[in-house]
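So you can see what is in the structure, the chains are spelled out below.
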Amino acid sequence: MARADLSITPRLRQRLVEWLQEDLGRGDLTAPALQGVEGEAQWVAKAPGVFCGGVLLEPLLRELANGQRKGSVALRVAEGAPVEAGDVLLQLRGPAEMLVALERTALNLAMRLSGIAKATAALVAQLEGTGVALADTRKTTPGLRELEKYAVRCGGGVNHRMGLDDAAMLKENHLAWAGGVTAAIAAVRANAPWPARVIVEAETAEEAQAAVAAGADALLLDEFSPDALSVLVPLLRTQAEARPDRASIVLEASGVNPADLKLYATTGVDLIST
């Protein structure tokens, strides 16, 4: 079972408020029918998968109750745990009008995150025993990055960058507009306001070797075949070891067909991104 933590930051809490408000609008018109009624409910899995998103229930309940403890949630399945159809995932107690007001927002989030966790776990399983990690990208749904990347961790993957301020990744457009790999890396190194890794996306062996020579910390080797990487990866590692600082380099394969994960894992790369 994958282990992952989610910090309920002030920013995330504010988003939960906004998502609840999106559904509630001017108020739930069904609330009078349930006034004064205490409710109990449970979530039951309808299909096999990986559970993710249960940790959002308590903060959502608190927001609906204006910070008071008017309801409770008991998780029956841990985040990142595999589930089978029929498994009870969690149990809820509290004012019935609050439980139905919470229901759709909570389910929408948990279903989406559980889907991401399940898809991630299926890919991670193909890499078991290889020592190669599965990394995500910044191709997330705007507003949901923090949660979607949490779901990747629940599925056993690793997060690449949370945003553009985490590391400098120089891609095709950067290299074209900056005047090449060496100029781009030099500009970033000279002007970065805080210590940052420099990652270069390389589409040819020549670009990859130029990036190592220019001092890149990591390479994203895009759309290379497994055969090509099997030849290139040892060369790049030898080249990095010959640099004055002898700093190791992280090598990542991208643009990979999921059906070929095991093949790519034999090439010597550290990461495969998807």
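As shown above, the structure is provided for reference.
Computed from a prediction, not measured in an experiment: that's the story for all the values here.

### Notes on the sheet that holds strand β6 (residues 133-135)
And step 1. One open sheet accounts for 6 strands, arranged β6-β11-β10-β9-β8-β7; its pairing is parallel. Two strands lie at the open edges of the sheet, namely β6 and β7 (168-170), each paired on one side alone. Between one strand axis and the next, the sheet turns through 25° on average, direction left out of account.
And step 2. Bridge count between β7 and strand β8 (residues 198-202): 3 bridges; the pairing is parallel.

### Thoughts on unusual backbone geometry
And step 1. Phi angles above zero are rare outside glycine, and Glu223 is one such case at about 60°.
And step 2. Of note, Glu223 is situated in the loop between β9 (218-222) and α8 (226-241).
And step 3. Although it is not a glycine, Arg246 sits at a positive phi angle of roughly 50°.
And step 4. Mapped onto the secondary structure, Arg246 falls in the loop between α8 and β10 (250-254).
And step 5. Among the residues examined, Arg246 registers a relative accessible area of 59% and is labelled exposed.

### Focus: the sheet that holds strand β3 (residues 72-75)
And step 1. Spatially, the 3 strands line up as an open sheet ordered β1-β5-β3, and their pairing is antiparallel. The open sheet has two free edges, formed respectively by β1 (38-44) and β3, since each of these has just one partner strand. Ignoring strand direction, the axes of neighbouring strands in this sheet form an average angle of 15°.
And step 2. Inspection of the sheet shows β1 paired to strand β5 (residues 88-95) by 7 bridges, in the antiparallel sense. In the sheet register, Glu38 faces β5, and the bridge partner there is Pro95.
And step 3. Packing of helix α2 (residues 57-64) onto the sheet brings it into contact with β1, β3 and β5, and relative to β3 it is tilted by some 175°.

### Looking at the pattern of salt bridges
And step 1. Evaluated as defined, the whole model comprises 7 salt bridges.
And step 2. For Arg93, the salt bridge is made with Glu40, and the minimal N-O distance between the two is 3.5 Å. Taken as a pair, Arg93 in strand β5 and Glu40 in strand β1 lie far apart in primary sequence, 53 residues in all.
And step 3. On the accessibility criterion, Arg93 (39% relative accessible area) is partly exposed.
And step 4. Classification of Glu40 by relative accessible area gives exposed; the value is 65%.
And step 5. Asp217 serves as the salt-bridge partner of Arg189, at 3.2 Å between the closest nitrogen and oxygen. Of this pair, Arg189 sits in helix α6 (residues 181-191) while Asp217 sits in the loop between α7 (205-213) and β9; the two residues are 28 residues apart in sequence, bridging distant segments of the chain.
And step 6. Classification of Asp217 by relative accessible area gives partly exposed; the value is 26%.

### Some details on the nonpolar core
In a soluble, globular protein the nonpolar side chains are often hidden away together inside.
And step 1. With 36 residues, the main nonpolar core has Trp43, Leu56, Leu92 and Leu147 as its most contacted residues.
And step 2. With 9 residues, the top contributor of residues to this core is helix α3 (residues 96-126).
And step 3. Not counting residues within four places of it along the chain, the set of residues in contact with Trp43 comprises Phe51, Leu57, Asp87, Val88, Leu89, Leu90, Leu92, Ala106, Leu107 and Ala110.
And step 4. Among the nonpolar cores identified, the runner-up in size contains 33 residues, and Leu127, Ala184, Ala240 and Ala265 belong to it.

### Concerning the pairing of β9
And step 1. A large share of β9 lies buried, amounting to 5 of its 5 residues.
And step 2. Burial along β9 is two-sided: the residues Ala218, Leu220 and Asp222 and Leu219 and Leu221 are all buried.
And step 3. Sheet analysis places β8 next to β9, joined by 4 bridges and oriented parallel. Directly across from Ala202, in β9, lies its bridge partner Leu221.
And step 4. Note that the unit made of β8, α7 and β9 has a crossover that is right-handed.
And step 5. Note: β9 against β10, 5 bridges, orientation parallel. By the bridge assignment, Ala218 is partnered in β10 with Val250.
And step 6. For the crossover from β9 across α8 to β10, the handedness is right-handed.

### Considerations on the environment of Ala85
And step 1. Along the chain, Ala85 falls in the loop between β4 (82-83) and β5.
And step 2. Residues Ala85 and Gly49 lie 36 residues apart in sequence; the distance between their C-alpha atoms is 8.3 Å.
And step 3. Ignoring sequence-local partners within four residues, the contact set of Ala85 consists of Ala45, Lys46, Ala47 and Pro48.

### Some words on the side chain of Ser114
And step 1. Tracing the backbone shows Ser114 in helix α3.
And step 2. Apart from the residues within four sequence positions on either side, Ser114 is in contact with Val50, Phe51 and Cys52.

Thresholds applied
Residues numbered from 1 in each chain as written. Predicted model: local features only at pLDDT ≥ 70, side-chain atom pairs only at ≥ 80, totals over all residues. Heavy atoms only, no water. Pairing = 2+ DSSP bridges. Helix = DSSP H or I, 4+ residues; strand = E, 2+ residues; numbered from the N terminus. Axes fitted to C-alpha atoms, helices over the stretch in contact; angles between N-to-C directions. Buried < 20%, exposed > 50% of the residue type's maximum accessible area, 1.4 Å probe, protein only. Contact = heavy atoms within 4.5 Å. Salt bridge = Lys/Arg side-chain N within 4 Å of Asp/Glu carboxyl O. Core = buried A, V, L, I, M, F, W, Y, C linked by side-chain atoms within 4.5 Å. Right-handed = clockwise from strand over helix to strand, strands pointing away.

These figures come from the coordinates and say nothing about function on their own.
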